[in-house]
Amino acid sequence: MANKPQRAPRASVSTGDFDVTEFSKEFENLMRSKKFNAFQLQSRCDSRTSSPAPSQSPHFAAATTSPRSTSCPLPIMPHPPRDAVSVKFCNLLRVLSVTPTKYENPGLLDDALTAIPLDRLYAEADDEHQIHQAQSASVGKKPQWGYQDFVIQSLLKWFKKSFFTWVNNPQCSRCYMPTIVHGMVPPTPDETARGATRVEGYKCAGCGALERFPRYSDVWQLLQTRCGRVGEWANCFTMLCRALGSRVRWVWNSEDYVWTEVYSEHQRRWVHVDACEGVWDQPRLYTEGWGRKLSYCIAFSIDGATDVTRRYVRNAAKHGLPRNRVPEDVLLWGIYEIRRIRREKLPEHEHQRLRKEDEREERDLRMFTMSALAKEITSLFPGASRPVRGDEHKTPLTQDQDAAQWVNPRQQGESENSGPDGHR
Ligand SMILES: [Zn+2]
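Since the structure is predicted, the reported quantities are computational estimates derived from the model, not experimental observations.

Please clarify how the overall build of the protein chain should be interpreted in this entry.
For the protein chain, the count of helices and strands is 15 helices and 13 strands. Burial status across the protein chain gives 48% buried among its 424 residues. The long-range fraction of contacts in the protein chain, counting pairs at least 24 apart against all pairs at least 6 apart in sequence, stands at 68%.

Below is the structure:
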């Protein structure tokens, strides 16, 4: 994972496929992150009050001005934006962070539940869960997944197969012939009222009629239209998971992709779910499966934001893109600000619970990087092998039409500031 440049560039030393410079960088990052966690822990031990905003904390101020910072590498300290580009990026994160807050509407979630065949999904989940329990017992192991995990898996199958439709070019509504891209068209008052700020125009290849494709980011609308591309899919699916009672995250990737994370209470961790692909718990799909390179993956939930890039990019040297949109300390500040805003009205015991969860996740994310490094090192020695654990199995190449879309996702005038409907 990249960090803000602090040292003079060194000559890259390569040993076969293994880049020693990258290895050193990774190691430095790990040490930095380890020190940062120890530092956070110390800060909390020193103060019994609820956590102040990072920028207001005297501990952070002391650390950033410490003379030690010139002599040894310190953990990254959150820092407010110093320039217009960073301000813009932090503002973008703030805008994106609003998406999952819209799911917390009882009327919306009630409406969503009426669209879901609950009896069927619960029955299916029950069957799958029982089979899973029996299989686990037969080999003397504890079940890997809980009942609610199977409920979401059933929802995932139904959503992709029966509920939502993928739209590239909409069909002509007059003669049902295929259409070709015509360009963006201004929204009608009705489309604007229903939340579509961007409308794509398509011309029918048969009768020449203009077909409109409004891009809705309003989940209420998506329950009605039930179609779209990855933005609409991820947005609507994440909301439906929430309606079924799971804690959810809407994950934004800066290379113009979005997906879902659902919290597994059984496993006490966030699980990757991609509604477009019908994929459950395959976070390495995009990099090691499809060969994509990613820079930022930020997860937004009702409780804040988290940089989850390391879950999706295990080996930054192979699958990471430069993280140069904003200095790392400013990104951290932006994320902490979103957490502060989302959590400011929570009682202290909720703060504590979320902090513990943040720490546990940070340990997991760090472990992913260490594990990838260990794998790199092991691969230097011919004949060496290491056991595969947890979600580390490599996803086979499953690139299909949806995935191919990602290669050239941005169409006419799509803007990264346009929220979930701005993606693919
Ligand atoms: Zn037509």
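Don't stop here, the text continues.
Help me out: how do you make sense of a nonpolar patch on the surface in this one?
Together, Ile377, Leu380 and Phe381 make up an exposed nonpolar region whose accessible area comes to about 260 Å². Following the sequence through the fold, isoleucine 377 ends up in helix H14 (residues 348-379).

What exactly am I supposed to notice about the sheet that holds strand S13 (residues 304-307) here?
Sheets are built from strands paired through backbone hydrogen bonds, the pairs being either parallel or antiparallel. Taken together, the 6 strands give an open sheet; going across it, the order is S11-S10-S9-S8-S12-S13, and neighbouring strands pair in antiparallel fashion. Both outer strands of the open sheet, strand S11 (279-280) and S13, are each paired with one neighbouring strand and no more. Where helix H13 (residues 328-343) meets the sheet, it contacts strand S12 (297-301) and S13, and its direction lies at approximately 155 degrees from that of S13.

Got a minute to help me understand the packing of helix H6 (residues 147-163) against helix H9 (residues 230-243) in this structure?
Axes are the key here: two packed helices are described by the angle between their axes and the distance separating the axes. The interhelical angle for the contact between H6 and H9, taken along N-to-C directions, is 140 degrees, at an axis separation of 11 Å. It follows from the interaxial angle that H6 and H9 lie oblique. Once H6 is placed against H9, the crossing between them reads as right-handed. Where H6 abuts H9, its residues Ile152, Leu155, Leu156, Trp158, Phe159, Lys160 and Phe163 lie against Trp233, Cys236, Phe237, Leu240 and Cys241. Taken together, the residues that form the contact of H6 with H9 break down as 11 nonpolar, no polar and 1 charged.

Mind showing me how you'd approach the coordination of the zinc ion here?
Reference values for coordination geometry: four tetrahedral donors around a metal ideally subtend 109.5 degrees, six octahedral donors ideally subtend 90 or 180 degrees. Protein coordination at the zinc ion comes from Cys172 (SG), Cys175 (SG), Cys204 (SG) and Cys207 (SG), with a distance range of 2.2 to 2.4 Å. Each donor residue of the zinc ion lies on the same chain, and together they follow the pattern C-x2-C-x28-C-x2-C. Of the two residues, cysteine 172 sits in the loop between strand S3 (165-166) and strand S4 (179-185) while cysteine 207 sits in the loop between strand S5 (198-204) and strand S6 (210-215), which places them 35 residues apart along the sequence. Among the residues examined, cysteine 172 registers a relative accessible area of 1% and is labelled buried. Using a relative accessible area of 41% as the deciding quantity, one classes cysteine 207 as partly exposed.

Got a minute to help me understand the sheet that holds S6 in this structure?
With respect to topology, 3 strands assemble into an open sheet ordered S4-S5-S6, the strand pairing being antiparallel. At either end of the open sheet lies a strand with only one pairing partner, and these are S4 and S6. Direction aside, the axes of adjacent strands within the sheet are offset by 30 degrees on average. Here S5 pairs with S6 via 6 bridges, running antiparallel.

Rules and cut-offs
- Residues numbered from 1 in each chain as written.
- Predicted model: local features only at pLDDT ≥ 70, side-chain atom pairs only at ≥ 80, totals over all residues.
- Heavy atoms only, no water.
- Helix = DSSP H or I, 4+ residues; strand = E, 2+ residues; numbered from the N terminus.
- Buried < 20%, exposed > 50% of the residue type's maximum accessible area, 1.4 Å probe, protein only.
- Contact = heavy atoms within 4.5 Å.
- Patch = residues over 30% accessible without salt bridge, like charges linked within 9 Å, V, L, I, M, F, W, Y side chains within 5 Å.
- Areas by Shrake-Rupley, 256 points an atom, 1.4 Å probe, with all protein chains shown as cover.
- Salt bridge = Lys/Arg side-chain N within 4 Å of Asp/Glu carboxyl O.
- Pairing = 2+ DSSP bridges.
- Axes fitted to C-alpha atoms, helices over the stretch in contact; angles between N-to-C directions.
- Parallel < 35°, antiparallel > 145°, perpendicular 65-115°, else oblique.
- Left-handed = near helix turned anticlockwise from the far one by under 90°.
- Nonpolar A, V, L, I, M, F, W, Y, C, P; charged D, E, K, R; others polar.
- Donors = N, O, S within 2.8 Å, 3.2 Å for Na, K, Ca; no water.

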